Amino acid sequence: EIDHNCQHMRSIALNAEGTRLATSTYRPRTDKSEEHGEISLFDTATGRIVWQRKLHGDRAGGLAWSPDGKRLACNGWSSFEILNAEDGRSLLLYD
């Protein structure tokens with residue numbers, strides 16, 4: 001079981017080996033916080049978070065794994081980003 005506290009789940013993507021599950025969520029603007037998206041990567045054997053990456057605005061949308069499982073692509077309404085699947089760091093951002 002994966003415990004993921006979010007307001008709006010946008011997308012999920014399982015890697016080819018079935019060992020990692022990526023999720024994208026969106027939290028709309030409130031009185032106390034700005035809108036933001038978040039990408040989370042889970043270990044499917046344990047359900048634990050491997051890494052999370054908070055994204056400004058509406059950048060968390062669709063998700064897709066590269067065929068070799070080393071990169072994760074995510075898109076929002078007007079942007080896309082390629083992330084290193086091992087640690088979540090940005091490799092390419094088009095905004």
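Heads up: these notes are all about the structure in this document.

Each value, and the rule that gives it
Residues numbered from 1 in each chain as written. Predicted model: local features only at pLDDT ≥ 70, side-chain atom pairs only at ≥ 80, totals over all residues. Heavy atoms only, no water. Phe/Tyr/Trp six-rings, centres within 6.5 Å; stacked < 30°, edge-to-face > 60°. Helix = DSSP H or I, 4+ residues; strand = E, 2+ residues; numbered from the N terminus. Buried < 20%, exposed > 50% of the residue type's maximum accessible area, 1.4 Å probe, protein only. Pairing = 2+ DSSP bridges. Axes fitted to C-alpha atoms, helices over the stretch in contact; angles between N-to-C directions. Core = buried A, V, L, I, M, F, W, Y, C linked by side-chain atoms within 4.5 Å. Contact = heavy atoms within 4.5 Å.

**Notes on the packing of aromatic side chains**
- Considering all chains together, one arrives at 1 aromatic pair under this definition.
- Ring centres of Phe80 and Tyr94 lie 5.5 Å apart, and the angle between their planes is 25 degrees; on these two criteria the pair is classed as stacked. Placement of the pair is Phe80 in strand 7 (residues 80–84) and Tyr94 in strand 8 (residues 90–94), with a sequence separation of 14 residues.
- Owing to a relative accessible area of 52%, Tyr94 belongs among the exposed residues under this scheme.

**Regarding the pairing of strand 7**
- Taking burial as the measure, the 5 residues of strand 7 include 4 buried ones, the bulk of the element.
- In this sheet, strand 7 lies alongside strand 6 (residues 71–75) in antiparallel orientation, the contact comprising 5 bridges. Bridge assignment links Asn75 to a residue of strand 7, and that residue is Phe80.
- Between strand 6 and strand 7, which pair antiparallel and follow one another directly, the connecting turn spans 4 residues.
- The antiparallel hairpin formed by strand 7 and strand 8 contains 5 residues in its connecting segment, where Gly88 sits at a positive phi of about 85 degrees.

**What to know about the sheet that holds strand 6**
- In spatial order, the strands read 5-6-7-8; together these 4 strands make up an open sheet with antiparallel pairing. Pairing within the sheet leaves two strands with one partner each, and these edge strands are strand 5 (63–65) and strand 8. Across the sheet, the mean angle from the axis of one strand to that of its neighbour is 15 degrees, orientation sign disregarded.
- For strand 7 and strand 8, the ladder comprises 4 bridges, and the chain directions are antiparallel. Directly across from Glu81, in strand 8, lies its bridge partner Leu93.

**A short note on the nonpolar core**
- By size, the foremost hydrophobic cluster in this structure holds 12 residues: Ala13, Ala22, Ile39, Leu41, Trp51, Leu55, Leu63, Trp65, Leu72, Cys74, Leu83 and Ala85.
- Contributing elements (two or more residues each) for this core: strand 3 (36–43), strand 4 (49–56), strand 5 and strand 6.
- Not counting the four nearest positions on each side in its chain, Ala13 is found in contact with Arg20, Leu21, Ala22, Leu63 and Trp65.

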